[in-house]
Amino acid sequence: MSGKSVTLSARISQEDADFLASLQPPGAVTPSDKLRHLLSEARRWQEDAATYESSLARYAELAAPALRRWRQAERAEHMHSEVVRLLAEWLPETMAFMASAVPGPDDPTPRPELEALEAGLADRAFTFIDTLLRLGVTATAPGYDPEVVARRIEPVFDLLSVMQAARRAR
């Protein structure tokens, strides 16, 4: 932060004021402290999209509370879902790749970056599909509902049959 502070006055709704009052970021006590924290977080989100590593850390941080609650619920119920685990790992990584691979607004020739983005996302999507389909090799998959994959895989087979027939017809 620069050495000089600027006084800022703003009118906000009661709902926003209550939200600001309920925030408890580390070391922030006053509304000004909390607003500075929010601005710092917003700046960090914008700046962190520049690299894959920083984007991955931010998306992992964003998902962390939900993942903690999910793991606690699984432990409490003595259950585990590979489908949920796969998605929990895949989503932040894919979003981080996308955030860091999208061409910048000042890029004069974004076509190569767009092609690389498309290829990278396709790679990630098909790797995920491959991994998910492997859970359908048996009639039951490790999950809350052991048939969650098996019940959904038949339409995929139908689609693949149509695709194979179309390729043969070419």
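Computed from a prediction, not measured in an experiment: that's the story for all the values here. (Residues numbered from 1 in each chain as written. Predicted model: local features only at pLDDT ≥ 70, side-chain atom pairs only at ≥ 80, totals over all residues. Heavy atoms only, no water.)

(A) Representation of helix α4 (residues 82-101). Relative to the 28 Å expected for 20 residues at 1.5 Å per residue, α4 spans 28 Å between its end C-alpha atoms, a close match to the ideal helical length. All of the buried residues in α4 are Glu82, Leu86, Ala88, Pro92, Thr94, Ala96, Phe97 and Ala101. Regarding α4, its N-cap is Ser81, as a side-chain oxygen of that residue lies 3.4 Å from the backbone nitrogen of Val83 further along. (Helix = DSSP H or I, 4+ residues; strand = E, 2+ residues; numbered from the N terminus. Expected span 1.5 Å × (residues − 1). Buried < 20%, exposed > 50% of the residue type's maximum accessible area, 1.4 Å probe, protein only. Polar contact = N/O pair within 3.5 Å; in protein donor to acceptor, adjacent residues only side chain to side chain.)

(B) Representation of a nonpolar patch on the surface within the structure. Together, Phe126, Ile129, Leu133, Val156, Phe157, Leu159, Leu160 and Met163 make up an exposed nonpolar region whose accessible area comes to about 710 Å². Among the elements of the structure, α5 (111-134) and α6 (150-169) are those that each provide at least two residues to the nonpolar patch. As for its placement among the helices and strands, Leu160 is situated in helix α6. Its relative accessible area of 37% is what places Leu160 among the partly exposed residues. (Patch = residues over 30% accessible without salt bridge, like charges linked within 9 Å, V, L, I, M, F, W, Y side chains within 5 Å. Areas by Shrake-Rupley, 256 points an atom, 1.4 Å probe, with all protein chains shown as cover. Salt bridge = Lys/Arg side-chain N within 4 Å of Asp/Glu carboxyl O.)

(C) Representation of the layout of surface pockets within the structure. Its volume calculated, the largest pocket comes out at about 750 Å³. Together, 21 residues line the largest pocket, and Leu8, Ser32, Leu35, Arg36 and Leu39 are the ones closest to its centre. Taken together, the elements giving at least two residues each to the lining of the largest pocket come down to α1 (14-22) and α2 (31-48). Top contributing element to the lining of the largest pocket by residue count: α2, with eight residues. Among the residues forming the lining of the largest pocket, the class breakdown is 11 nonpolar, six polar and four charged. (1 Å grid on protein atoms, 1.4 Å probe; cavity = no way out; pocket = protein on both sides within 12 Å on 5 of 7 lines; lining within 4 Å. Points joined across faces, edges and corners; volume = space filled by probe spheres on them. Nonpolar A, V, L, I, M, F, W, Y, C, P; charged D, E, K, R; others polar.)

(D) Layout of the packing of aromatic side chains. Applying the stated criterion across every chain yields a total of one aromatic pair. Ring centres of Trp90 and Phe128 lie 5.0 Å apart, and the angle between their planes is 35°; on these two criteria the pair is classed as tilted. Remark: Phe128 occurs in helix α5 and Trp90 occurs in helix α4; sequence separation between them is 38 residues. We classify Phe128 as buried; its relative accessible area is 13%. (Phe/Tyr/Trp six-rings, centres within 6.5 Å; stacked < 30°, edge-to-face > 60°.)

(E) Here's a closer look at the side chain of Arg58. Take Arg58: it is sitting in helix α3 (residues 52-77). Judged by its relative accessible area of 3%, Arg58 falls in the buried class. Setting aside residues up to four positions removed in sequence, Arg58 forms contacts with Glu41, Arg44, Trp45 and Asp48. (Contact = heavy atoms within 4.5 Å.)

(F) Spatial organisation of the pattern of salt bridges. Scanning all chains against the criterion turns up 12 salt bridges. The closest approach of N and O atoms between Arg151 and Glu147, which form a salt bridge, is 3.9 Å. Relative accessible area serves as the criterion here: at 46%, Arg151 is assigned to the partly exposed category. Salt bridges here are not isolated pairs; linked through shared partners, they connect Glu41, Arg44, Arg58 and Glu61.

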